[in-house]
Amino acid sequence: MRQLSAEQRDYVYLGGEIRKNARVPLPYGQHLSLADALFGEGGYSIRTADASQIYVLRASPKPKEIGVFTAWHLDARNPAALSIAARMELRPNDIVFIQKQPITT
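Description of the structure in this document.

The rules behind these values
- Residues numbered from 1 in each chain as written.
- Predicted model: local features only at pLDDT ≥ 70, side-chain atom pairs only at ≥ 80, totals over all residues.
- Heavy atoms only, no water.
- Helix = DSSP H or I, 4+ residues; strand = E, 2+ residues; numbered from the N terminus.
- Core = buried A, V, L, I, M, F, W, Y, C linked by side-chain atoms within 4.5 Å.
- Buried < 20%, exposed > 50% of the residue type's maximum accessible area, 1.4 Å probe, protein only.
- Contact = heavy atoms within 4.5 Å.
- Pairing = 2+ DSSP bridges.
- Axes fitted to C-alpha atoms, helices over the stretch in contact; angles between N-to-C directions.

**Comments concerning unusual backbone geometry**
- Its identity is not glycine, yet Asn93 carries a phi of approximately 70°, on the positive side.
- Within the secondary structure layout, Asn93 lies in the loop between helix 2 (82–87) and strand 5 (95–100).

Written out as C-alpha cells, the structure is:
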C-alpha cells in the first residue's frame, strides 16, 4: 500500500532558507524533533539563512479558529539553544520556517 501512496500519513513542512524545502513525513509510532527536521533534510544554508530567526508555526486544531496559530521562535546563533530543538516535538501540519539574512534580501 505504501508504494501506491494509499495510506494516510502526517507531514511537517519545511520552508524558507532550508537547503531543501520539503514535506517531511512523520515517522510511524515515533517522534520527529525540530532538530531532526532541520538537520535531517540537509540543514539550513549558513550563507543565506538567519539562524536567529527559526520559527515553528502550529495552527489551532479547533475548526472555529481558522487563521489562529502559535509561533515558537528559536535563536540558534548560540549552539546551546539547539538543545531545545532536540527536545521540541513536531506535530502533524507544523511548518518550520527559517528567515533570510537581511543581506540576502
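Text resumes after the structure shown.
**Considering the nonpolar core**
- Leu34, Leu90 and Val96 are the most contacted members of the largest nonpolar core, which has 24 residues in total.
- Looking at this core, the elements that each hand over two or more residues are strand 1 (11–16), strand 2 (22–25), helix 1 (34–40), strand 3 (49–59) and strand 5.
- Beyond its immediate stretch of four places on either side in the chain, Leu90 contacts Val12, Leu26, Leu32, Ser33, Leu34, Ala37, Val56, Arg58 and Val96.

**Here we look at the sheet that holds strand 3**
- Sheet architecture is open: five strands sit in the order 2-1-5-3-4, paired in mixed fashion. Edge strands, defined here as strands with exactly one partner in the open sheet, are strand 2 and strand 4 (69–74). Across the sheet, the mean angle from the axis of one strand to that of its neighbour is 20°, orientation sign disregarded.
- Summarising the sheet, strand 1 and strand 2 pair through four bridges and their orientation is antiparallel. Paired with Tyr13 across the strands is Arg23, a residue of strand 2.

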